[in-house]
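An overview of the molecular structure
Each chain, written out:
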Amino acid sequence: METPMMYYIVISLVMFFAGVYGFMTRKNMLMMLISIELMLNAVDINFAVFNRFLFPGQMEGMIFSIFAIAIAAAETAIAIAIIINIYRHIRNIDADNLDDMKY
Amino acid sequence: MELLPLAQQVIFYLLAAVIVICSILAVTTRRILRAATYLLFTLLATAGIYFMLDYTFLGSVQIAVYAGGILVLFVFSILLTSHPGEETEKSSKTKRILGLIAAIAGIVTCGYALFTYPWSSTAVGEAQSIQQIGHALIGMEKFQYLLPFEAVSVLLLACIIGAIMIARKR
Amino acid sequence: MEYTIFILLLPLAMFLLLGLLDTKLKPRVAGILGTLGMTVCTALAYYTAYLFFTQSRVDGVYPSHTPVNYEWLRFTEHLHIDLGIYLDPISVMMLVVITTVSLMVHIYSLGYMHGEKGFQRYYAFLSLFSMSMLGLVVATNIFQMYIFWELVGVSSYLLIGFYYTKPAAIAASKKAFIVTRFADLGFLIGILILSFFTKTFDFATLTANPSAIITESAGMTFMGCSVASWALALIFMGGAGKSAMFPLHIWLPDAMEGPTPVSALIHAATMVVAGVYLVARLFPVYCVTPEVLDLITTVGAITALYAAIVACVQTDIKRVLAFSTISQIAFMIVALGVASDTDLHAGLGYMASMFHLFTHAMFKALLFLGAGAIIHAVHSNEMSEMGGLRKYMPITHITFLIACLAIAGIPPFSGFFSKDEILTAVMHKSTFWGIWMTIVAGLTAFYMFRLYFRIFWWKETDCSHHTPHEAPLTMTLPLIFLAVVTCVAGFIPFGELVSVNGQPYHIHLDMSVATTSIIVAVCAILLATWMYLKENNKPGNIEKATSVLHRAAYRRFYIDEIYLFITHKIIFNLICRPIAWFDRHIIDGTMDMFANVTQCVSARIKGLQSGSVQGYVWLILIGSLLVATITICCCL
């Protein structure tokens, strides 16, 4: 346990905001999805790290991470299904083109 | 996982470098298949972090589900929706600068909060065995998670059906 | 006597059957079914009457029965609405009258309405009307009566508007409904006041203790009259609306737009006497408020004279008959107004009224059915199209003549006896009203014979292009039957069966009154003969000589115009328009303002819902960073 907790947190922080940056700058929906995965992953790391360094006798954080991974899997599956469906309809998966249903 | 402190340090920095570089590359590269590959590296490095924290089960799940399952889904969908070698169009400069500013502002804010917070740790405990994790997942006592576990199983089922429904050809 | 319920249920079943199957049935089948149902109904009513009037008297009175009664709605401990059947002399008498006339009209319509579009619907409505009217007369309580009263109004509305493609018929049905409904508002308020104080709706209880309304509401007055008087006057208002009393009579002449048999059934013989029946039913209660009875007398007398004068100048034969109906019903109303229940002699008016109701129903139905046969032959309602029809339509001619003699009050036809009783009763109470009513009786004879001569004599019609012919058997049979009834009905010992307190009353003619009325009637008939027997210009000359009066009478003394003036000019302009303005500008304006404000605001802010996910993320990020910064600053 020589490596201090803050090191881990900085890693996850960079990862999270890399995700945020990606989400805001990329138009391709698959890229946006990849960014979301990055953010989720950063959060998972935080859960595990806090659990390990602050409450080592318990395992809530880890189990939360496990659930988060499961839910991320479900979310990705649905999102990709939607994206493929959209691609079939408009031959394009840019988020900017999806404004047919706006107000 | 008993490693020499120095080796542990080296491995940590290696993983950290991989995570930081690959995640930044994943969101900046213009080839989408490459982005997926960088994401894979990031996820694998994250699994390495979990191993270093002695969360071997979590690490395995990370590799199996994320690196194994989700990444495959990504690759498939990328191959279905884009042509190989095709580059996504460049996003505008202002957008990138604004995104960068926002990200850095976020890092600064969160970093400040994290570094100034007085963390206090409880006593050091033992690492949990897989047996304990299994009990916790399907037990009904306090700090045990049968109900969320079942809820997630139903969610996954619904998600399988939903994904088929949405993506199938009509 | 539980079977009496079938007198009500049978027409109802016929209504449902004919109404629901409608065009699925052949017109002929529908007509015969309806007529058969009514025949059974009539037989039951006759049997009931036979049983009722052959039962032994208790204390000299036929005991009344309530064979069917069940509680329908309970409001308070005392107040509840029942539905049931109440049999007493007048309701049994009404059962006979209604079923007889209704049956005749059913048979007659087989011929008259032959080939009309909506024949089945017509029979369904006739059945509905019969059911409602029968339910009205056998009502055990005033609220049941009110329910059936409204049902009668509805079926009248439906039947007047039977030719719904004709704008005049639609307007007439609307007018009839609105005017009677307006009157029924008074009726309802009257019922509520009455039952609030007496704590009962039940006729038997009300009439057993008629002064309850006085004692319960003692000392309470409203605008100078006691509450009891108000209640009873308002109830009479409902009756006056249905019975077309002045000034609520305006709907009846227009109601003649309906098919003629309907006019015979509803607007001559049955529904319009509902008001008379209502007053008769509550007569003991009316007797405790003599001032209301005086009001009834006055209204009746004015109506009688007014309608008789108007009838003298109308040229549409159904209008003449309509005004004659109004006048005759006014006779009954006057007779009730002058009666009292102290003893048999003072209650002569009550008996006379019921007697006249009975005979009038028969001969007026006969007159209308005869008019129907004439219209059927000539295809017009206007007198000018007629004349000299006696040769072509002998049966109609004879029966019509009998009815005219009866209504004019010539012995030995039924009208003479009943009208004579009325005149005797009125004369007994007040000489002024007696002379007044005798004049009206003379006018009656005059306008009826004017009608008769204009239709059957006057001129010899030129029949080169169209020969009027006698009506088919289905139409002449009812005429003959009703004519026979008209001839013999006067000899029914009516006073033995119906009288004010149920004791048998032996009818005897007051010779002075009878002689006077016969002389007046004969003079009037002779005058009519002189004027209208042969085509001449005497009537024209008289018209010219009294042109102002004639035009006023022809336009029914402008009562309709006054109504229009009051409703359109005064009520619409002064009350409705400001209310409409208020509604349109203030209430709607407030609502519109809400809508407009919401719309403006949402139009401004809808740009935020750009649909672009990245825009949303920007907002979320900025928001959360702000919150985080603020939190950090606060913790410093």
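1. Regarding the overall build of chain C
For chain C, the count of helices and strands is 26 helices and 4 strands. Taken across its 636 residues, chain C has 51% of its residues classed as buried. Long-range pairs, those at least 24 residues apart, make up 79% of the contacts in chain C with a sequence separation of at least 6.

2. Focus: the overall build of chain A
Of the regular secondary structure elements, chain A holds 3 helices and 0 strands. The 103 residues of chain A split such that 53% are buried. Long-range pairs, those at least 24 residues apart, make up 47% of the contacts in chain A between residues at least 6 apart in sequence.

3. A short note on helix α2 (residues 27–54) of chain C
Residues and elements named next belong to chain C. Compared with the 40 Å implied by 1.5 Å per residue over 28 residues, the 40 Å span of α2 between its first and last C-alpha is a close match. Of the positions making up α2, those classed as buried are Ala30, Gly31, Gly34, Thr35, Gly37, Met38, Cys41, Thr42, Ala45, Thr48 and Phe52. Looking at the buried residues of α2, the elements they touch are α1 (5–21), β2 (80–87), α3 (89–112) and α4 (119–137).

4. Quick word on the nonpolar core
Formed by 213 residues in total, the largest nonpolar core has its most connected members in C:Val334, C:Ala335, C:Leu336 and C:Ala365. The biggest single contributor to this core is helix α16 (residues 348–378) of chain C, with 20 residues. Filtering out sequence-adjacent residues up to four positions away, C:Val334 remains in contact with C:Thr297, C:Gly300, C:Ala301, C:Ala304, C:Val426, C:Trp433 and C:Met437. Counting residues in hydrophobic clusters, the runner-up holds 69 residues, among them A:Met59, A:Ile66, A:Ile93 and B:Tyr38.

5. Let's talk about the interface of chain B and chain A
Each side of the interface is counted separately: chain B has 70 residues, and chain A has 61 residues. Breaking the side of chain B that touches chain A down by element, the ones donating at least two residues are α1 (5–28), α2 (32–52), α3 (56–81), α4 (93–116), α5 (130–138) and α6 (146–167) of chain B. The dominant element in the side of chain B that touches chain A, judged by the number of residues it contributes, is α3(B), at 13 residues.

6. Points about the interface of chain B and chain C
Taken residue by residue, the interface counts 6 residues in chain B and 5 residues in chain C. Counted by class, the side of chain B that touches chain C contains 4 nonpolar, 2 polar and no charged residues.

7. Points about the environment of C:Ile519
With respect to the helices and strands, C:Ile519 occurs in helix α22 (residues 511–532). When the C-alpha positions of C:Ile519 and C:Gly442 are compared, they lie 8.9 Å apart, and in sequence the two are 77 residues distant.

8. Notes on unusual backbone geometry
Note the cis peptide between C:Phe246 and C:Pro247, where omega equals 0 degrees. With respect to the secondary-structure elements, C:Pro247 resides in the loop between α9 (227–242) and α10 (251–254). In this structure, C:Pro412 follows C:Pro411 across a cis peptide bond, with omega equal to 5 degrees. Mapped onto the secondary structure, C:Pro412 falls in the loop between α17 (394–408) and α18 (414–429). A positive phi is found at B:Asp54, a non-glycine position, where the angle reads about 70 degrees. You can see B:Asp54 is positioned in the loop between α2 and α3.

9. Looking at the pairing of β2(C)
Residues and elements named next belong to chain C. Pairing analysis gives 7 bridges linking strand β1 (residues 65–74) to β2, with the strands arranged antiparallel. When the sheet's bridge partners are listed, Asn69 is paired in β2 with Gly84. Here β1 hands over to β2 after 5 residues, the two strands then running antiparallel side by side.

10. Looking at the packing of α1(C) against α2(C)
When two helices pack together, their arrangement is given by the angle between the helix axes and the distance between those axes. Residue and element names in this part refer to chain C. Two elements in contact, α1 and α2, have axes separated by 9 Å at closest approach and are oriented at 175 degrees. As far as their axial angle goes, α2 and α1 are roughly antiparallel. Of the residues in α2, those in contact with Phe6, Ile7, Leu10, Pro11, Met14 and Leu18 of α1 are Ala30, Leu33, Gly34, Gly37, Val40, Cys41, Leu44 and Ala45. Class assignment for the residues of the contact of α1 with α2 results in 12 nonpolar, 2 polar and no charged.

11. What to know about helix α5 (residues 142–160) of chain C
Spanning 19 residues, α5(C) covers 26 Å between terminal C-alpha atoms, matching the ideal 27 Å at 1.5 Å per step. For α5(C), the buried fraction is high: 15 of the 19 residues fall into the buried class.

12. What about the environment of C:Ser64?
Its place among the elements puts C:Ser64 in the loop between α2 and β1. Along the chain, C:Ser64 and C:Ser91 lie 27 residues apart, while their C-alpha atoms are 9.8 Å from each other.

13. Some points on the environment of C:Ile309
All names here are of chain C. Relative to the assigned elements, Ile309 resides in helix α14 (residues 290–311). Residues Ile309 and Tyr554, spaced 245 residues apart in sequence, show a C-alpha to C-alpha distance of 9.2 Å. Beyond its immediate stretch of four places on either side in the chain, Ile309 contacts Leu443 and Ala553.

14. A look at the confidence of the model for chain C
Averaged over chain C, the pLDDT score is 85; the fraction of residues at 70 or greater is 98%. With a pTM of 0.68, the predicted complex shows an ipTM of 0.90.

Definitions and limits used
- Residues numbered from 1 in each chain as written.
- Chains lettered and ligands numbered in written order.
- Predicted model: local features only at pLDDT ≥ 70, side-chain atom pairs only at ≥ 80, totals over all residues.
- Helix = DSSP H or I, 4+ residues; strand = E, 2+ residues; numbered from the N terminus.
- Buried ≥ 20, exposed ≤ 12 C-beta atoms within 10 Å, placed from the backbone.
- Contact = placed C-beta atoms within 7 Å.
- Expected span 1.5 Å × (residues − 1).
- Core = buried A, V, L, I, M, F, W, Y, C linked by C-beta atoms within 7 Å.
- Nonpolar A, V, L, I, M, F, W, Y, C, P; charged D, E, K, R; others polar.
- Pairing = 2+ DSSP bridges.
- Axes fitted to C-alpha atoms, helices over the stretch in contact; angles between N-to-C directions.
- Parallel < 35°, antiparallel > 145°, perpendicular 65-115°, else oblique.
- pLDDT = per-residue confidence, 0-100.

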